[in-house]
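Fold and contact review
What follows is each chain in one-letter form.
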Amino acid sequence: MAAVATVGTLWASAAMATITQGDFSVFGFFETRESGQWGEGSSSKDPSPATFYSPTVTSKFVYPGQSYGMTGGSFDFNHWDLAEARQLADVRPDYHMVKNYKFLGRFDTLLIKDADFFAYYRPWYDAYGSIKSDGRQEPNTDVVPYTSRTLQAQYFKNDLREWYAQLNFTDNLSARIGKQQVIWTEADALSGTEVTNPVNATWHGVSSAESPEDTRTNVRMIKLNYILPDFYKTANNELEAFIIPGDFEGAAIDVQEDPRNPWVAASSLGGGCPITTCGFGGLDTPFPVNINQNGQSLNVSELPNGGGYHFLQSMVWVPIGPTVYPPGKTKGRTYGQFYDFIAQSIGRTPSNSLENSEFGVRYSTLLPIGNGLQASFIYLYEFRDARGSACTNCGLGITGIPGTVKVGPGEFIAPTLVRTPRPGVAVAGTLFDVSETDYRRNNFFGATGTYYDKDLTDIVYRYDVLYQPDHAVGVPSFVSPTGSAWTQFTRWIIAGDRPTYIPWLSKQHTFLTAQYTLTWQPDRPTDAMFASPQGGKNREIQNVAFLAATNWLMNGQLTALNTVVWDIDDNVGYLSTTNVYRYSRNVLFGLNSYWFLGRSGRFTDPDLFSRSQRFNELEFTFTYEI
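Residues numbered from 1 in each chain as written. Predicted model: local features only at pLDDT ≥ 70, side-chain atom pairs only at ≥ 80, totals over all residues. Heavy atoms only, no water.

**Re the overall build of the protein chain**
For the record, the criterion: For helices the rule is a DSSP run of H or I covering at least 4 residues; for strands it is a run of E covering at least 2, with both sets numbered from the N terminus onward. Between the two quantities, the radius of gyration covers C-alpha atoms and the globule rule is 2.2 Å times the number of residues to the power 0.38. Burial classes follow relative accessibility: with a 1.4 Å probe on protein chains only, a residue under 20% of its type's maximum area counts as buried, one over 50% as exposed, and anything between as partly exposed. A contact between two residues is defined here by any heavy atoms of the two lying within 4.5 Å. Areas reported here follow the Shrake-Rupley algorithm with a probe of radius 1.4 Å; residue values treat only the protein chains shown as occluding.
In terms of regular secondary structure, the protein chain is built from five helices and 37 strands. Against the compact-globule benchmark of 25 Å for 626 residues, the protein chain has a radius of gyration of 27 Å, which places it among compact chains. Viewed in the frame of its principal axes, the protein chain has a C-alpha envelope of about 90 × 55 × 50 Å. Within the span of the protein chain, comprising 626 residues, buried residues form 50% of the whole. For the protein chain, the proportion of contacts with a sequence separation of at least 24, taken over those separated by at least 6, is 66%. Only carbon and sulfur atoms are counted for the fraction: they give 59% of the accessible area of the protein chain, which is about 28800 Å².

Next up, the structure:
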């Protein structure tokens, strides 16, 4: 979706912002962005305190109280909150350093016929964290104000995103060396074959509010292109290959996990069935790390409602005490104990060595089918899609605390506290949840391309297919004690583009784009769950579609993109509008919005639409091009 928006924005921007001096040119702009979110809601009921039971003088058990409930949603326009106050720069220098085998016009390069050096520098600062020291964290969650280190990590970016040399040896052979992106897909969103550059969604959410160019994590690599001659009635034959010589930048999408941040991923945590109904630790039960420092159960069925970054301000309640029956009642209350919680990972990311290099190859051709079928065949061998699992082989010494007891796969209870408990709240010890991550190079097989049907529909059709033999999913402990498994993964995308003249809407053609995405996991394990960041149950077949319309209005000064995205299985989605108005040669104004609609509280929502209904956004931008 964001790719379509990018095209529209660039159309409005044209190329008037390029400064050229001889062989050196620079394109760039300065921008300010301010946005607010609606739908966050407020408390819906008063809290209740924890209750205690002491069957003997030396024993004490507890039953958690209940914290505030929550309201809000798509149509709660009464509660607005600041979400963004960002100032950014975008600077892209380009130096044509080799012409006709001459470096700087003086030195003979012998082999390099032509060469350019390109860089993309994008620093930004968001005042949100400085204005709101507690961020957006919910009340009664024991929020800890931002530290200077956290502010630097989340709201200051000094990012040289790309730098590479484009070397052309002949008209057919070229190389690109440096930090760069590999964009081989023909899909606009949810592409299966876009694997190489992991997505960084730690700022501005996961729903395409930024262009893909600005969310991909660039990787240092050597990429070769060779144009082959036409043969067997094929044309436009090209072979591309790259090697990433030890530059691990992540195995999957990187999402924001800090509940204080306005762009925290709206991930579901477990199910929505109460422990009293479904038992403790079942597939449908809520996330167990849900007790605040007052001994009250929080609404943490989703990550934004959690108690602190990585739940460091949260406790666990374990029902290991007696069951007390009130007089004349057949249903009793089971008491338990509180434990501090520490999530500990012992996995190590791959080192940046040549032994951990990654590879990819693509062959592209124009096949003699109809008006010409453009096809690309892709193979990747990369450290993507790591599998996290409970450390089943870890011993008692993993915590480093004497008296540690193992209570489950990767779960240990130690007789020590990580923080001073509040008066009146008894804490028995600390629960350590120890996990490990299997980072390994996986195989990815893909095909993508386009076909222009000019005879019947005047539509450019696009397709994108991925097959992944090993894809990591979460599973219940009765399926695997590690809590995870490998499964096959496929993604099938069909899309179409068509310019259509709608006279009552615009004097120019409306550019329509539609895409349907089907994800199929043929051997999905029983009761499989999404690995992070989505959480929740995982369907064997998932269906998502979108329709977008781009218009150029007011003599082309205003570019408007309107999109509807819908998860067909969960009956959730969002509407978005992105508008750019060119006020003058160098000044542009923008007004954008994202409105999440449909069923709320879903636990089978792979794209987080349902739980993003408290994160609807209205954004204003002001851009000055240099």
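**Quick word on the pattern of salt bridges**
Cut-off, in case you're wondering: We count a salt bridge whenever a side-chain nitrogen from Lys or Arg sits within 4 Å of a carboxyl oxygen from Asp or Glu.
All chains considered together, the criterion is met by 29 salt bridges. Notably, a salt bridge pairs Arg92 with Asp90, separated by 2.8 Å at the nearest N-O pair. Asp90 sits in the buried class, given a relative accessible area of 1%. Each of the salt bridges in this network shares a partner with another, and the network as a whole consists of Glu31, Arg33, Glu84, Arg86, Arg122, Asp126, Glu210 and Asp214.

**Some points on the packing of aromatic side chains**
Using the following cut-off: Planes of paired rings set the category: under 30 degrees apart is stacked, over 60 is edge-to-face and the rest tilted, where pairs are Phe, Tyr or Trp rings (Trp by its six-membered ring) whose centres lie within 6.5 Å.
Inspection of every chain in the model, using the stated rule, returns 26 aromatic pairs. Taken together, a centroid distance of 6.4 Å and an interplanar angle of 55° make the contact between Trp38 and Trp595 tilted. Taken as a pair, Trp38 in strand S2 (residues 24–38) and Trp595 in strand S36 (residues 587–598) lie far apart in primary sequence, 557 residues in all. A relative accessible area of 25% means that Trp595 is categorised as partly exposed. Ring geometry for Tyr128 and Tyr155: centres 5.9 Å apart, planes at 40°, overall tilted. With a gap of 27 residues between them, Tyr128 in helix H2 (residues 128–131) and Tyr155 in helix H3 (residues 148–155) connect regions that are remote in the sequence.

**Concerning the pairing of strand S16 (residues 235–244)**
Note the cut-off: Any two strands between which DSSP finds at least two bridges are classified as paired.
Relative to S16, strand S15 (residues 219–227) runs antiparallel, the two being bridged by six bridges. Note on S16: the bridge partner recorded for Asn225 is Glu240. Examined bridge by bridge, S16 and strand S23 (residues 358–367) share eight bridges and lie antiparallel to one another. Each residue of the ladder has a partner; that of Glu238, found in S23, is Ser364.

**Section: a nonpolar patch on the surface**
Operational definition: Like-charged residues within 9 Å of one another, or nonpolar side chains (Val, Leu, Ile, Met, Phe, Trp, Tyr) within 5 Å, are grouped into patches, provided each residue has over 30% relative accessible area and no salt bridge.
Together, Phe24, Tyr95, Phe103, Leu104, Phe107, Phe117, Tyr121, Leu160 and Trp163 make up a nonpolar patch on the protein surface, roughly 780 Å² of accessible area in all. Counting only elements with at least two residues in the nonpolar patch, the list comes to strand S9 (114–121) and strand S12 (160–168). Under the relative-accessibility criterion, Trp163 is labelled partly exposed at 31%.

**Some thoughts on H3**
The cut-off we apply is this: In this description, the arc belongs to the directions extending from the helix axis to the C-beta atoms.
The set of residues buried in H3 consists of Thr150, Leu151, Gln154 and Tyr155. One side of H3 carries all its buried residues, which in axial view fall inside an arc of 100°. In H3, those exposed residues whose orientation departs by more than 90 degrees from the buried face are Ser148 and Arg149. Against strand S10 (124–126), H2 and strand S11 (156–157) lie the buried residues of H3.

**A few points about the pairing of S9**
Where strand S6 (residues 80–99) meets S9, five bridges bridge the pair, whose relative direction is antiparallel. In the sheet register, Val98 faces S9, and the bridge partner there is Ala115. Of the pairings in the sheet, the one linking S9 to S12 comprises eight bridges and is antiparallel in character. Looking at the pairing, Ala119 lines up with Trp163 of S12.

**Let's talk about the environment of Thr416**
Residue placement: Thr416 occurs in the loop between strand S27 (411–414) and strand S28 (427–438). Sequence-wise, Thr416 and Tyr339 are 77 residues apart; in three dimensions their C-alpha atoms are separated by 9.4 Å.

**Considering the nonpolar core**
Rules: The definition of a nonpolar core used throughout is a set of buried Ala, Val, Leu, Ile, Met, Phe, Trp, Tyr and Cys residues joined through side-chain atoms within 4.5 Å.
Counting 13 residues, the largest nonpolar core has Val289, Leu303, Phe311, Val316, Tyr339, Phe341 and Leu431 as the members making the most contacts within it. Breaking this core down by element, the ones donating at least two residues are strand S19 (315–318) and strand S22 (337–345). In this view, Leu431 contacts Val316, Tyr339, Asp340, Phe341, Ile342, Val407, Glu411, Phe412 and Ile413; residues no more than four positions away in its chain are not counted. Ranked by size, the runner-up nonpolar core spans 12 residues in total, among them Val195, Met221, Phe242 and Ile244.

**Comments concerning the state of the cysteines**
Convention followed: We call a pair of cysteine sulfur atoms a disulfide when they lie within 2.5 Å.
In this structure the tally under the stated criterion is one disulfide. Here Cys391 connects covalently by a disulfide to Cys394, the sulfurs 1.8 Å from one another. Looking down the S-S bond of the Cys391 and Cys394 bridge, the torsion is 85°, so its handedness is right-handed. Considered together, Cys391 and Cys394 belong to a single accessibility category, that of buried residues.

**Examining the confidence of the model for the protein chain**
Our working rule: The predictor reports its confidence for every residue as pLDDT, a score running from 0 up to 100.
Taken over all residues, the pLDDT of the protein chain has a mean of 88, while the share at 70 or more is 93%. Segment residues 4–16: pLDDT under 50, and 22 contacts once partners within four positions in sequence are set aside and those in other chains are kept. Confidence over residues 273–283 falls short of pLDDT 50; this stretch has 20 contacts with residues more than four positions distant or in other chains.

**Observations concerning the side chain of Asp214**
Examined against the element boundaries, Asp214 turns out to sit in helix H4 (residues 212–215). The exposure class assigned to Asp214 is buried, which follows from its relative accessible area of 9%. Beyond its immediate stretch of four places on either side in the chain, Asp214 contacts Tyr120, Arg122, Arg161 and Trp203.

**Thoughts on the side chain of Asn579**
Filter applied, for reference: In the analysis that follows, any N or O atom pair within 3.5 Å is treated as a polar contact, provided that within protein one partner can donate a hydrogen and the other can accept it, and provided that, for residues neighboring in sequence, both atoms belong to side chains.
The residue Asn579 is located in strand S35 (residues 572–582) in this model. Here the side chain of Asn579 touches Thr577 through a polar contact of 2.9 Å, side chain to side chain. Once residues within four sequence positions are removed from consideration, Asn579 is found in contact with Leu558, Thr559, Ala560, Phe589, Gly590, Leu591 and Asn592.

**Structural notes on the environment of Phe603**
Assignment of secondary structure puts Phe603 in the loop between S36 and strand S37 (616–625). Residue classification places Phe603 among the buried residues on the basis of a relative accessible area of 19%. With 302 residues separating them along the chain, Phe603 and Ser301 place their C-alpha atoms 9.1 Å apart.

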